[in-house]
Amino acid sequence: MPQSVDEPPVRVHILVVGRVQGVGFRAFAARIATRLNWVGGVRNLDDGRVELEVEGGKLVIEDLLRELKAGPPAAHVRMIAVEWSVATGRYSHFDIWH
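Structure report, in brief. (Residues numbered from 1 in each chain as written. Predicted model: local features only at pLDDT ≥ 70, side-chain atom pairs only at ≥ 80, totals over all residues. Heavy atoms only, no water.)

Following the criterion strictly, the structure yields 5 salt bridges and no others. Notably, a salt bridge pairs Glu67 with Arg35, separated by 3.2 Å at the nearest N-O pair. Of this pair, Glu67 sits in helix α2 (residues 58–70) while Arg35 sits in helix α1 (residues 25–36), and the two are 32 residues apart along the sequence. Glu67 sits in the partly exposed class, given a relative accessible area of 27%. Under the relative-accessibility criterion, Arg35 is labelled exposed at 54%. Note that Glu51 is salt-bridged to Arg43, the shortest N-O span being 2.6 Å. Note on Glu51: relative accessible area 11%, which makes it buried. (Salt bridge = Lys/Arg side-chain N within 4 Å of Asp/Glu carboxyl O. Helix = DSSP H or I, 4+ residues; strand = E, 2+ residues; numbered from the N terminus. Buried < 20%, exposed > 50% of the residue type's maximum accessible area, 1.4 Å probe, protein only.)

Structure, rendered in structure tokens:
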């Protein structure tokens, strides 16, 4: 989990709303996660949203949120809902969940 020495890890639950399915959004999120060594996962929800659970340093996750708001080229992100909590340490890598 990337983070500064003084920064405790956090967990963030993210719901992305808009045109975010069928546009490569999960693969986009997974590429970012792999590049920055985040842990957690991403999945499509039946209602058209994309859900992510990520653990790491808060500043690094804030960078993730900025990138998710932009999304891949074919996406149109209307809203991102974010819920912060204490990291669980249950993830060791980042997955695309089905």
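Spatially, 5 strands are ordered β4-β1-β3-β2-β5 in an open sheet, and the strand pairing comes out mixed. One side of each edge strand has no neighbouring strand; the edge strands of this open sheet are β4 (76–86) and β5 (94–96). In this sheet, neighbouring strand axes are inclined to one another by 15° on average, regardless of whether the strands run parallel or antiparallel. Where strand β2 (residues 39–44) meets β5, 3 bridges bridge the pair, whose relative direction is parallel. Along β5, the bridge assignment pairs Val42 with Ile96. (Pairing = 2+ DSSP bridges. Axes fitted to C-alpha atoms, helices over the stretch in contact; angles between N-to-C directions.)

Moving on to the packing of aromatic side chains. Scanning the model with the defined rule gives 2 aromatic pairs in all. Considering the side-chain rings of Tyr91 and Trp97, the 5.9 Å spacing of their centres and the 35° angle between planes classify their relative orientation as tilted. One cation-aromatic arrangement involves Lys58 over Trp84; the distance from NZ or CZ to the ring centre is 5.1 Å. (Phe/Tyr/Trp six-rings, centres within 6.5 Å; stacked < 30°, edge-to-face > 60°. Lys NZ or Arg CZ within 6 Å of the ring centre and 35° of its normal.)

This brings us to the side chain of His13. Along the chain, His13 turns up in strand β1 (residues 9–19). You can call His13 buried: its relative accessible area is 16%. A polar atom in the side chain of His13 sits 2.6 Å from the side chain of Glu51. (Polar contact = N/O pair within 3.5 Å; in protein donor to acceptor, adjacent residues only side chain to side chain.)

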